[in-house]
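Residue strings, one per chain:
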Amino acid sequence: MEKSLSTVPHYKGNDELKAMLYGDIEISMRMMDARFSVADICFICDITRSMQYYIDAIREVLMDFLKNVSDVICAQPRVAFVGFRDKGDKEQIEYKEFTSKPEEMVEFIKKVKCCGGDDACEDLIAPLKKALTLDWMSDLNYVYLLLDAPTHGRRYHDNSVSDDYLDDDKEEMLEKLIVHYRKSRINLAIIKYTENVNGMIRIIRKYYDSQINELKVIENFVVNFQIKEMADSPRSSEYRNFRKIGRRLHVGDPVAELDNMDFSKKFVAKLYTGSISGLSFESKKYNYKFELNPVTEYKCEISGNQLGTGTFAKCYPLCIDDKTNYVAKFRKDSPTKPEDLKSDIEGTLIAKHFAERFNHFLKNTGKKETANAISVVPLDILEKISSDDFPRVKVFLAQRLLDGVFCKLNNNYGWRIKEDGSSVLLAQAFSHFTYEFSLGTMMVVDIQGIVNEKGKLYITDPAIHSYLYKDHFGATNHGKLGMIRFFKTHECNEYCKQLNLADYTSVSRAKYSEAK
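Since this is a predicted model, take the numbers as computed values, not measurements. (Residues numbered from 1 in each chain as written. Predicted model: local features only at pLDDT ≥ 70, side-chain atom pairs only at ≥ 80, totals over all residues. Heavy atoms only, no water.)

Caption draft 1: Broad picture of the overall build of the protein. Summing up its helical and strand segments, the protein has 13 helices and 18 strands in all. Across the protein, contacts joining residues at least 24 apart in sequence account for 71% of those joining residues at least 6 apart. As displayed, the protein offers around 23100 Å² of accessible surface, 47% of which is attributable to carbon and sulfur atoms. (Helix = DSSP H or I, 4+ residues; strand = E, 2+ residues; numbered from the N terminus. Contact = heavy atoms within 4.5 Å. Areas by Shrake-Rupley, 256 points an atom, 1.4 Å probe, with all protein chains shown as cover.)

Structural data, given as structure tokens:
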């Protein structure tokens, strides 16, 4: 009977193997610290007379905002501020360099007086240029643009707003600057306060998003590094939305039109399932084959209130052939064909494979209470083949609806919930297990889902880090860096010891001492 991982042929309790898997973790952490332990965040704000209300709101929520940044991305934030007025205004630019002391920034913003701005449009070019001259020192760089008017130039608005500098678009300076931001890997978010900026935002999207797949995601911060917009709303609710940014780091919703649709629609959809063959870590077979398989057509109905919204999807109740225990997950990036959702299905199947092996080894340690401790809830794809009631929705994900309280235990950026319940410890041990069991080629993270009354954890929508499969598993795959971030906050627990997983801290520190 197998007692631990050390009896699996490719482990053998080998100190050499453990050194190979964990020996560079500490070194990598130290190398990473200089680049990724700090996040640089710059606010570029319109400070003409119409914006005083919003500048006051920034000052009020800034401290909470930065604390949440630190918690979510496990990095110490530095913050800078570039305020701008229009051409010809006295003191067109007011700025403060990056500081790691948020109280200094709060005091600076207190002294900013919003004034100036004769015509409706503003000069966005000057502050974008100024922000590029600041003392950026991190590889985690973010700009938040807060504005209520487009920049000068005919192409950036519909001529319904007054503009004293209509020819300012001739050199396409805005487009050139946006390309520069993208190439500099400065992640951009826009918080808008009027619809006047929509034309300009469309142009920014065009020049900023074209190479978006080369970048990575920091969950709940700037989703897919796409531009975010805060919907226009009355001042009272708008202020509440801004406070929400400070608490939840959520800026707008690119598929808000889903909320405006009458979700009581019947249609026919084709079901696709996924399959994986040829994967065996025990035999060191990594070149697995993944396939999407069309199954059959079903009568479907989506109705009722939204169940929730996450980083990448919105969820609604789904009936399949009159069975109601399903949830439809609409991706916010508007996929158009089943292949666009391949990474979601593939990652779930890989995680399911890991969970089966994890349960197997836990069971064979002799503790009955840990048998079948983790289950990964399967995902399928539905392709709508009838009904034009909501034509923008072509394909979406379907998953069994679970009863219970949803909980998030860790994410794909090194964060873990600060509790020590059995489900938390299981989640951390599972992520650790996947790294060791795959010989360091993969790691399952972003553990979230439902814990039932018996303590079993049902995982939904996990993420996978892999440097070997760097083009797989979508934008949440942070490769080796993601793995390092997990170990940066992980502490081995009773389940890690039960499975005889290596205490990476002692191995890596010994290796680091040798390297020195």
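Following the structure, the description resumes.
Caption draft 2: Focus on unusual backbone geometry. Despite not being glycine, Glu 91 has its phi angle at roughly 50°, a positive value. Within the secondary structure, Glu 91 is located in the loop between strand E2 (76-84) and strand E3 (93-99). Look at Asp 446: it is not a glycine, yet its phi comes out positive at around 55°. Secondary-structure assignment places Asp 446 in the loop between strand E15 (443-445) and strand E16 (448-451). The class of Asp 446 is buried, set by a relative accessible area of 7%. (Buried < 20%, exposed > 50% of the residue type's maximum accessible area, 1.4 Å probe, protein only.)

Caption draft 3: Layout of the packing of helix H6 (residues 173-183) against helix H7 (residues 198-208). Axis separation between H6 and H7 bottoms out at 9 Å; the angle between their running directions is 45°. One element, H6, and the other, H7, form an angle in the oblique class. For H6 against H7, the interelement crossing comes out right-handed. Contacts between H6 and H7 involve Leu 174, Glu 175, Ile 178, Val 179 and Arg 182 from the former and Met 200, Ile 203, Ile 204, Tyr 207 and Tyr 208 from the latter. Residue composition of the contact of H6 with H7, grouped by class: 8 nonpolar, no polar and 2 charged. (Axes fitted to C-alpha atoms, helices over the stretch in contact; angles between N-to-C directions. Parallel < 35°, antiparallel > 145°, perpendicular 65-115°, else oblique. Left-handed = near helix turned anticlockwise from the far one by under 90°. Nonpolar A, V, L, I, M, F, W, Y, C, P; charged D, E, K, R; others polar.)

Caption draft 4: Examining the pairing of E2 more closely. In terms of residue burial, E2 counts as a mostly covered element, since 8 of its 9 residues are buried. Judged from the 9 bridges that link them, strand E1 (residues 38-46) and E2 form a sheet pairing that is parallel. In the sheet register, Cys 42 faces E2, and the bridge partner there is Ala 80. Where E2 lies against E3, 5 bridges are found, and the strand directions are antiparallel. Each bridged residue has a counterpart across the sheet, and for Gly 83 the counterpart in E3 is Glu 94. (Pairing = 2+ DSSP bridges.)

Caption draft 5: Focus on the packing of aromatic side chains. For the structure on display, the rule yields 16 aromatic pairs. Their ring planes at 75° and their centres at 5.8 Å tell us that Tyr 316 and Phe 330 sit as a pair that is edge-to-face. Of the two residues, Tyr 316 is situated in strand E9 (residues 313-320) and Phe 330 in strand E10 (residues 323-331); the sequence distance between them amounts to 14 residues. Of the residues examined, Phe 330 reaches a relative accessible area of 2% and is grouped as buried. Over the ring of Tyr 165 we find Lys 87; its NZ or CZ atom is 4.6 Å from the centre of that ring. The aromatic ring of Tyr 467 is capped on one face by Lys 480, whose charged end is 5.8 Å from the ring centroid. (Phe/Tyr/Trp six-rings, centres within 6.5 Å; stacked < 30°, edge-to-face > 60°. Lys NZ or Arg CZ within 6 Å of the ring centre and 35° of its normal.)

Caption draft 6: Focus on the packing of helix H9 (residues 342-363) against helix H10 (residues 422-437). Two numbers describe how H9 lies on H10: the axes approach to 10 Å, and their chain directions differ by 105°. Overall, the two elements H9 and H10 adopt an arrangement that is roughly perpendicular. The residues of H10 that touch H9, namely those facing Ala 351, Phe 354, Ala 355, Arg 357, Phe 358, Phe 361 and Leu 362, are Leu 426, Ala 429, Phe 430, Phe 433, Thr 434 and Phe 437. Taken together, the residues of the contact of H9 with H10 break down into 11 nonpolar, 1 polar and 1 charged.

Caption draft 7: Seen up close, the confidence of the model for the protein. Overall, the predicted model of the protein reaches an average pLDDT of 76, with 74% of residues at or above 70. Of the regions scoring below 50 in pLDDT, residues 1-13 engages in 33 contacts with residues more than four places distant in sequence or in other chains. Every residue in residues 210-257 is under pLDDT 50, and counting partners more than four places away or in other chains gives 134 contacts. (pLDDT = per-residue confidence, 0-100.)

Caption draft 8: Here's a closer look at the sheet that holds strand E5 (residues 186-192). Sheet architecture is open: 5 strands sit in the order E3-E2-E1-E4-E5, paired in mixed fashion. At either end of the open sheet lies a strand with only one pairing partner, and these are E3 and E5. The average angle at which neighbouring strand axes cross in this sheet is 15°, direction not considered.

Caption draft 9: Quick look at the nonpolar core. Formed by 43 residues in total, the largest nonpolar core has its most connected members in Phe 354, Phe 358, Phe 430, Phe 433 and Met 442. For this core, the secondary-structure elements that each account for two or more residues are H9, strand E11 (374-376), strand E12 (379-384), strand E13 (395-400), H10, strand E17 (457-459) and helix H12 (494-498). The residues touching Phe 358, leaving out its near neighbours within four places in the chain, are Ile 374, Leu 426, Ala 429, Phe 430, Phe 433 and Leu 499. (Core = buried A, V, L, I, M, F, W, Y, C linked by side-chain atoms within 4.5 Å.)

Caption draft 10: Structural context of the sheet that holds strand E14 (residues 406-408). Read from one edge to the other, the open sheet built from 4 strands follows the order E11-E17-E16-E14, with strand pairing classed as mixed. The open sheet terminates on both sides in strands that have one partner only, identified here as E11 and E14. Between one strand axis and the next, the sheet turns through 35° on average, direction left out of account. In the sheet, E16 pairs with E17 via 3 bridges, with the strands oriented antiparallel. Following the sheet pairing, Gly 449 is matched in E17 by Ile 459. Along the sheet, H10 makes contact with E11, E16 and E17, crossing E17 at roughly 50°.

Caption draft 11: Summary view of H6. Among the residues of H6, those classed as buried are Leu 174, Glu 175, Leu 177, Ile 178, Tyr 181 and Arg 182. When H6 is viewed along its axis, its buried side chains cluster within an angular range of 165° and face the same direction. Pointing more than 90 degrees away from the buried face of H6 are the exposed residues Lys 176 and Lys 183. Each element contacted by the buried residues of H6 is listed here: E1, helix H5 (125-132), strand E4 (140-147), E5 and H7. (Arc of directions from axis to C-beta.)

Caption draft 12: Highlighting the side chain of Gln 399. Counting through the fold element by element, Gln 399 comes out in strand E13. Residue classification places Gln 399 among the buried positions, given a relative accessible area of 2%. Beyond its immediate chain neighbours, meaning those up to four positions away, Gln 399 contacts Asn 325, Tyr 326, Val 327, Lys 329, Val 377, Pro 378, Leu 379, Thr 460 and Asp 461.

Caption draft 13: Inspection of the environment of Thr 336 at higher detail. Within the secondary structure, Thr 336 is located in the loop between E10 and H9. Note: C-alpha distance between Thr 336 and Val 393 (57 residues apart in sequence) is 7.4 Å. When sequence neighbours within four positions are dropped, the list of residues in contact with Thr 336 reads Lys 394 and Val 395.

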